[in-house]
Amino acid sequence: MAQIPNLDNAPLNLNSIRDQSQKDLLNILKNVRGKKCLVLDPKLSGSLALLIQTSLLKEYGAELRHLSAEPVQTDCTKVLYLVRSQLNLVKLICSHIQHDISKGLQREYAVYFVPRRTVVCEKIFEEEKVHQLLTIGDFPLYMIPLDEDALSFELDFALRECHVDGDTSSLWHIAKAIHKLEFSFGVIPNVRAKGKASTKVADILNRMQGEEPVNLSDMGAPEIDTLILLDREVDMITPMCSQLTYEGLLDEFLHVNNGAVELDASIMGAQQEGKKMKVPLNSSDKLFKEIRDLNFEVVVQVLRQKATSMKQDYNEMTTTTQSVSELKDFVKKLNSLPEMTRHINLAQHLSTFTSKPSFLGRLDIEHTIIDGQSYDICFDYIEEMIHKQEPIVAVLRLLVLLSVTNSGLPKKNFDYIRREILHSYGFEHMPTLYNLEKVGLLKKQESKTYWPTIKRSLQLVVDDTDTANPNDIAYVFSGYAPLSIRLVQHAVRSGWRPIEEIVKLLPGPHSEFKRGGYSRTSSLDMLQGNPGNLDRVGDGRRSLVLVVFIGGVTFAEIAALRFLAAQEGMAYDLIVGTTKIVNGSTLLNTFTDNLT
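It should be emphasised that the depicted structure is a prediction, and the values quoted were computed from it without experimental measurement.

(A) Structural detail: the nonpolar core. One finds Leu82 and Leu346 to be the most contacted residues of the largest nonpolar core, which totals 134 residues. The dominant element in this core, judged by the number of residues it contributes, is helix 17 (residues 392-405), at 10 residues. For Leu346, the contacting residues outside a window of four places in its chain are Tyr246, Leu250, Leu254, Val261, Leu263, Met268, Val279 and Leu281. The next biggest cluster of nonpolar side chains, apart from the first, holds 37 residues, and it includes Leu7, Leu227, Leu546 and Ile575.

Below is the structure:
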């Protein structure tokens, strides 16, 4: 099964986006005639795996290497670098060229920046006196389809950059990506934004339409009816909780990267001890599409039922005479055997983690924190984790969850727990704690907590959740409904006006307005009382809502959105845009270089 997902069933023509990016990349390769060494920024290498087959790059004369501190070892006289606009990467390229000059190697160099060059990067080439040896260009890759209903802007550090470093360039990048979508699918008429970064992206998007307008007369009705922009800071509670969907747990324990997990081949039943194996995970795998968003408890049952059914069919085939059509049906079932085997192996491996008392104990504490009960018990549990030297990232996830739901920690607890962490794990973690404090994830309690009011008003805790036959999005966390997705639920059904007082309690400003042929206003009244603006489009297709998460989204939240879209009476298809797929651990890792 290919790592590149099949996009034919997407509610939007995502194939056209991917095809254009492929074409842009192949044109770059064509521009450098003959055999060339293509040196890839390692981060981009993973992104390109979702875009184009390696074999196709080789057909265009590219010999592939990863960018590192080591000089490029190749017989090619033409070297083409494909990198993000980061200063450390530019300095590596300069050192490569200077090394080649010192060795008397004569090569032609080209550098293409993703998605665009910056003045600072070009300045470094000039300072290092290599700019005259370079051809510089851009590869405008602003987004990559992860699957038929998900797009990634591939901005791993957007949350940290915006809230810790004060670098908001990622917001321009997000607005540019959405504006590019508008050139293909029409100006999005309705916009709802919550959070500082989200309202800024909405403003930049409007400015772009003013400076580089999509020609409305050339377009039919817009294919995307509504854009919902959500800052991750609006809901930092959800990613700190342990995801309980199949795909969410795969990410928690095996880390899904660019639509695949990499693990020991022996786990997948291969007789290759110690060898790594990449397992693609996308909707091209029909069984994965069916089970990816189910609560893991149910996945095990579904796989057991399918295996039992296949065994019964096999027994019937061997004991009774079958017609040709029955034989044909059985062979069709056998074709799904590799998928069955793959997911039985993965589920069995996951069970080794989910059955551990430590994991089950952690879930209990998470639910206790979410409930807003027994603060002292929760604090003592985290203190014990520190004394047991459990992984620091696991400690910080619970600590952040406790801090955010209580609007901070009492001063004596705050000072004490910071001291305990530094004594236990080392003073090199001081910058991490500082960054978490700066972004407001770990802080002293200075005001009363609004979490009980928010939780009650938005019905975020759902008792007696039926994970096998769910009727609410809370099934993805076995009883907790993601705050972010509750906001989306209200946004598409009746707007935020009815819950405006609750929305105000969450971090950052919010705005709702119309675009395109409408005059812009930040008034919430613009979209209220008219849910028809989210109704079916002219040709009978369901309206499309693009939900963009600035700072990352979890697989559990994507599962909850898919659940919403599949509900009877739901008039909208939902598609997700995100800076990155995250979980609590990967999100916290962006605030430091030392977490493991």
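That shown, we press on.
(B) Representation of the packing of aromatic side chains in the model. The final tally for this structure, using the stated rule, is 10 aromatic pairs. Here the aromatic rings of Phe113 and Phe125 are separated by 6.3 Å at their centres, their planes lie at 45°, and the arrangement is tilted. You can see Phe113 sitting in strand 4 (residues 108-114) and its partner Phe125 sitting in helix 5 (residues 119-127), a full 12 residues away along the chain. Classification of Phe125 by relative accessible area gives buried; the value is 0%. Aromatic side chains Tyr375 and Phe379 sit 6.1 Å apart centroid to centroid with 20° between the ring planes, which places their arrangement in the stacked category. Of this pair, Tyr375 and Phe379 both sit in helix 16 (residues 375-387), separated by four residues, roughly a single helical turn. Here the aromatic residues Tyr246, Phe288 and Phe296 are joined through ring pairs into a cluster of three or more.

(C) Main features of the sheet that holds strand 2 (residues 62-66). The strand order across the open sheet formed by five strands is 2-1-3-4-5, and the pairing between neighbours is parallel. If you trace the sheet from one side to the other, it starts and ends with strand 2 and strand 5 (134-138), each paired once. Taken pair by pair, the neighbouring strands of this sheet meet at an average axis angle of 20°, ignoring direction. Judged from the four bridges that link them, strand 1 (residues 36-40) and strand 3 (residues 78-84) form a sheet pairing that is parallel. Within strand 3, the residue paired with Leu40 across the bridge is Leu82. Seen against the sheet, helix 1 (residues 14-31) touches strand 1, strand 2, strand 3, strand 4 and strand 5 and runs at an angle of roughly 150° to strand 3. Packed onto the sheet, helix 4 (residues 87-102) meets strand 3, strand 4 and strand 5 and runs at close to 165° relative to strand 3.

(D) Here's a closer look at unusual backbone geometry. Of note, the amide linkage connecting Val114 to Pro115 takes the cis form, showing an omega dihedral of -5°. Structurally, Pro115 can be placed in the loop between strand 4 and helix 5. Notably, Ser374 is not glycine yet its phi reads approximately 50°, a positive angle. For Ser374, the position within the fold is in the loop between helix 15 (357-371) and helix 16. One non-glycine residue, Gln459, adopts positive backbone phi at about 50°. Assignment of secondary structure puts Gln459 in the loop between helix 20 (451-457) and helix 21 (483-493).

(E) Molecular detail of the sheet that holds strand 12 (residues 510-514). The strand order across the open sheet built from seven strands is 6-7-14-13-9-8-12, with neighbouring strands paired in mixed fashion. Whereas interior strands pair on both sides, the edge strands pair on one side only; in this sheet they are strand 6 (144-147) and strand 12. Each strand axis lies, on average, 20° off the axis of its neighbour in the sheet, ignoring direction. In the sheet, strand 6 pairs with strand 7 (residues 150-152) via three bridges, with the strands oriented antiparallel. Each bridged residue has a counterpart across the sheet, and for Asp147 the counterpart in strand 7 is Ala150. On the sheet, helix 7 (residues 169-185) packs against strand 7, strand 9 (226-231) and strand 13 (543-550) and is oriented at approximately 165° with respect to strand 13. Of the strands in this sheet, strand 8 (190-194), strand 9, strand 12 and strand 13 are in contact with helix 8 (residues 196-211), which crosses strand 9 at around 140°.

(F) Up close: the pairing of strand 8. By the criterion of burial, strand 8 is predominantly enclosed, with five of the five residues buried. The two faces of strand 8 match: Asn190, Arg192 and Lys194 on one face and Val191 and Ala193 on the other face are all buried. Of the pairings in the sheet, the one linking strand 8 to strand 9 comprises five bridges and is parallel in character. Bridging from a neighbouring strand, Arg192 pairs with Ile228 of strand 9. As judged from the five bridges shared by strand 8 and strand 12, these two strands associate in the antiparallel manner. Within the sheet, the bridge partner assigned to Val191 lies in strand 12 and is Phe513.

Thresholds, definitions, all that
Along each chain, residues carry numbers from 1 onward, in the same order as the chain's sequence is written. Reporting of local features is limited, given that this is a predicted model, to residues whose pLDDT is at least 70; pairs of side-chain atoms are given and counted only at 80 or more, and all residues count toward the totals for whole chains, interfaces and linings. Hydrogen atoms and water are omitted, and side-chain values are computed over all heavy atoms in the structure. Buried Ala, Val, Leu, Ile, Met, Phe, Trp, Tyr and Cys residues that are joined via side-chain atoms within 4.5 Å together make up what is termed a nonpolar core. Think of it in three bands: with a 1.4 Å probe and only protein chains considered, a residue is buried below 20% of the maximum accessible area for its type, exposed above 50%, and partly exposed in between. Secondary structure counts use DSSP, requiring at least four H or I residues in a row for a helix and at least two E residues in a row for a strand, with both numbered from the N terminus. Two residues qualify as a contact provided that any one of their heavy atoms is within 4.5 Å of a heavy atom in the partner residue. Side-chain rings of Phe, Tyr and Trp (the six-membered ring for Trp) are treated as a pair once their centres are within 6.5 Å; stacked means planes under 30 degrees apart, edge-to-face means over 60, and tilted covers the remaining angles. Pairing between strands is defined by DSSP: at least two bridges between the two strands are required. Here, axes are lines fitted to C-alpha atoms. For helices the fit covers the stretch in contact, and angles between N-to-C directions go from 0 to 180 degrees.

Keep in mind these numbers describe shape, not what the thing actually does.
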